[in-house]
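Residues per chain are reported as follows:
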Amino acid sequence: MKENTISKQLTKATAKLEAAGIDTARLDAEVLLAYVLNSRRLALYVHVAKELTLGQIKRYENLIQRRLERIPVAYLVGHKEFMGLNFAITPDVLIPRPDTEVLAQGVIEHLQEYSREIKIADIGTGSGAICISILKFLDNATADAVDVSARALDIARFNAEKFNVTDRINFYEGDLFEPLAGKKFDVVISNPPYILSGDMENLQPEVAGEPHIALDGGADGLNFYREIIDAAPDFLNDDGFLAVEVGENQADAVVKLIKDGGAFSYTQVWKDLANIDRVVAAWKK
Ligand code: SAM
Ligand code: GLN
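Every value quoted in this text rests on a predicted model; they were computed, and no experiment measured them.

Conventions we followed
- Residues numbered from 1 in each chain as written.
- Chains lettered and ligands numbered in written order.
- Predicted model: local features only at pLDDT ≥ 70, side-chain atom pairs only at ≥ 80, totals over all residues.
- Heavy atoms only, no water.
- 1 Å grid on protein atoms, 1.4 Å probe; cavity = no way out; pocket = protein on both sides within 12 Å on 5 of 7 lines; lining within 4 Å.
- Points joined across faces, edges and corners; volume = space filled by probe spheres on them.
- Helix = DSSP H or I, 4+ residues; strand = E, 2+ residues; numbered from the N terminus.
- Nonpolar A, V, L, I, M, F, W, Y, C, P; charged D, E, K, R; others polar.
- Buried < 20%, exposed > 50% of the residue type's maximum accessible area, 1.4 Å probe, protein only.
- Contact = heavy atoms within 4.5 Å.
- Pairing = 2+ DSSP bridges.
- Axes fitted to C-alpha atoms, helices over the stretch in contact; angles between N-to-C directions.
- Near = heavy atom within 4 Å.
- Polar contact = N/O pair within 3.5 Å; in protein donor to acceptor, adjacent residues only side chain to side chain.
- Areas by Shrake-Rupley, 256 points an atom, 1.4 Å probe, with all protein chains shown as cover.
- Sits in = over half its atoms within 2 Å of the grid points.
- Parallel < 35°, antiparallel > 145°, perpendicular 65-115°, else oblique.
- Left-handed = near helix turned anticlockwise from the far one by under 90°.
- Phe/Tyr/Trp six-rings, centres within 6.5 Å; stacked < 30°, edge-to-face > 60°.

Engineer: Explain the layout of surface pockets here, please?
Structural biologist: One water molecule sets the probe size; rolling that probe over the atoms shows where empty space is left. Estimated volume of the largest pocket: approximately 1200 Å³. Together, 31 residues line the largest pocket, and Val31, Val73, Ala74, His79 and Lys80 are the ones closest to its centre. Secondary structure elements with two or more residues in the lining of the largest pocket: α2 (25–37), α5 (73–77), β1 (79–82) and α9 (205–208). Tallying contributions element by element places α2 first for the lining of the largest pocket, with 5 residues. Split into classes, the residues belonging to the lining of the largest pocket amount to 13 nonpolar, 7 polar and 11 charged. In this structure, the second largest pocket encloses a volume near 940 Å³.

Engineer: Even after reading the chapter, I still don't get the environment of valine 73, so can you show me in this structure?
Structural biologist: Mapped onto the fold, valine 73 is located in helix α5. A relative accessible area of 16% places valine 73 in the buried class. Between the alpha carbons of valine 73 and arginine 168 there is a distance of 30 Å; along the sequence they are 95 residues apart. Setting aside residues no more than four positions away along its own chain, valine 73 makes contact with Asp28, Val31, Leu32 and Arg67.

Engineer: Please clarify how the sheet that holds strand β9 (residues 277–284) should be interpreted in this entry.
Structural biologist: Sheet strands pair by backbone hydrogen bonding; their relative direction is either parallel or antiparallel. The 7 strands are arranged β5-β4-β3-β6-β7-β9-β8 in an open sheet whose pairing can be described as mixed. If you trace the sheet from one side to the other, it starts and ends with β5 (169–173) and β8 (264–271), each paired once. Averaged over all neighbouring strand pairs, the angle between strand axes comes to 15 degrees, with direction disregarded. Pairing of strand β4 (residues 141–147) with β5, which is carried by 5 bridges, proceeds in the parallel orientation. Among the inter-strand pairings, aspartate 147 is bridged to a residue of β5, identified as glutamate 173.

Engineer: What exactly am I supposed to notice about the site of ligand 2 here?
Structural biologist: Near ligand 2 you find Arg97, Asn191, Pro192, Pro193, Tyr194, Ile195, Val207, Ala214 and Leu215, and these make up its full shell. Between ligand 2 and asparagine 191 there is a distance of 2.9 Å, counted from a nitrogen atom to a side-chain nitrogen or oxygen. A distance of 2.9 Å is found between an oxygen atom of ligand 2 and a backbone nitrogen or oxygen belonging to tyrosine 194. Protein chains shield 82% of the accessible area of ligand 2, which is 300 Å² for the free molecule. Applying the majority rule of atoms within 2 Å of the grid points places ligand 2 in the second largest pocket.

Engineer: Looking at this structure, I do not really get the packing of helix α1 (residues 6–19) against α2. What am I missing?
Structural biologist: Helix-helix packing: each pair is described by the crossing angle between the helix axes and the interaxial distance. Where α1 meets α2, the closest approach of the two axes is 8 Å, and the angle between their N-to-C directions is 135 degrees. By the criterion of interaxial angle, the relationship of α1 to α2 is oblique. For the crossing formed where α1 meets α2, the hand is right-handed. In contact with Ile6, Leu10, Thr11, Ala13, Thr14, Leu17 and Glu18 of α1, α2 contributes Ala25, Arg26, Asp28, Ala29, Glu30, Leu33 and Leu37. For the contact of α1 with α2, the per-class residue count stands at 8 nonpolar, 2 polar and 4 charged.

Engineer: What's the story with the site of ligand 1 in this structure? I'm lost.
Structural biologist: Among the 19 residues in the neighbourhood of ligand 1, the closest are listed as Gly124, Asp147, Asp175, Leu176 and Asn191. Here an oxygen atom of ligand 1 sits 2.9 Å away from a polar atom, N or O, in the side chain of asparagine 191. Burial of ligand 1 by the surrounding chains reaches 95%, relative to a free accessible area of 600 Å².

Engineer: For this particular structure, what's the right way to read the packing of aromatic side chains?
Structural biologist: In this description, an aromatic ring pair is defined by two values, namely the gap between the centres and the angle between the planes. Scanning all chains against the criterion turns up 5 aromatic pairs. Relative to phenylalanine 235, the ring of phenylalanine 177 lies with its centre 4.7 Å away and its plane at 20 degrees, an arrangement referred to as stacked. Remark: phenylalanine 235 occurs in helix α10 (residues 223–235) and phenylalanine 177 occurs in the loop between β5 and β6 (185–190); sequence separation between them is 58 residues. Classification of phenylalanine 177 by relative accessible area gives buried; the value is 6%. A residue is classified by how much of its surface remains accessible, and phenylalanine 235, at 11% relative accessible area, is buried. An angle of 20 degrees between the planes, with centres 4.9 Å apart, marks the rings of phenylalanine 241 and tryptophan 283 as stacked. On the criterion of sequence distance, the pair formed by phenylalanine 241 in strand β7 (residues 236–245) and tryptophan 283 in strand β9 is long-range, its members being 42 residues apart.

As structure tokens, then:
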């Protein structure tokens, strides 16, 4: 049996990743091999007996080695799919999570009924995944996207170009709403950092390698919600709404902050596929 076939290399790499306790071992092995071969993952199955060149094997082994060091696949291949779109990703941005699609989808559903121009503010845009995907689904939407990280904004700008929405999006470097002074929006969205500072030491190794400024939500994880809930009403039109992603077990606390603030008339909680409360939405009074 030849050692350098696609089939053999996949088996070998999967075994190494499994032995290191990576639970997506086979998937990761396939995605990384497809990346080396510049092909689709499913194409590997059609060519299982194909032999790799020594150069390809070297590149593959190098990638597997880096994956064993717990570098996420998205950082190794430089992209991640979100809402069916393939976003460019570097270690300067948080890797967009499937759970966050609940936020993008919910916002799209609520905005679909409008035929006029819709204005969106995205606070902490990172790779731009949420607001760029919303713009791709809603032709009548425009967005102002803010991030405190200039390097993240470079990636978000690259993605806006990649998906042809540069004429409908503006990027601002700054703290939360500060660059948007005096503006009004139909919806304010945010997936803010929400991990408790005390939990930052015990992150899964893959997450620990993501920008900490994208993760740390302060002592109780709620710092950004306090500021956003306090400021958002000034930036919303009368029938506008706020939609924020929340961490597991944070929805009740965030709903309470909204009620205590008194500027919103009603709230909704949207669940993710695992039935976990994932997004809190609130309509302005
Ligand atoms: N929206 C992206 C997503 O969902 O994949 C990224 C979300 S990430 C959890 C939070 C983002 O907020 C990071 O890009 C981080 O740089 C940004 N951020 C952190 N503090 C901020 C602040 N004070 N003002 C604006 N953005 C901030
Ligand atoms: N969803 C990320 C995680 O669980 C956290 C992102 C955030 O803080 N918004 O690792």
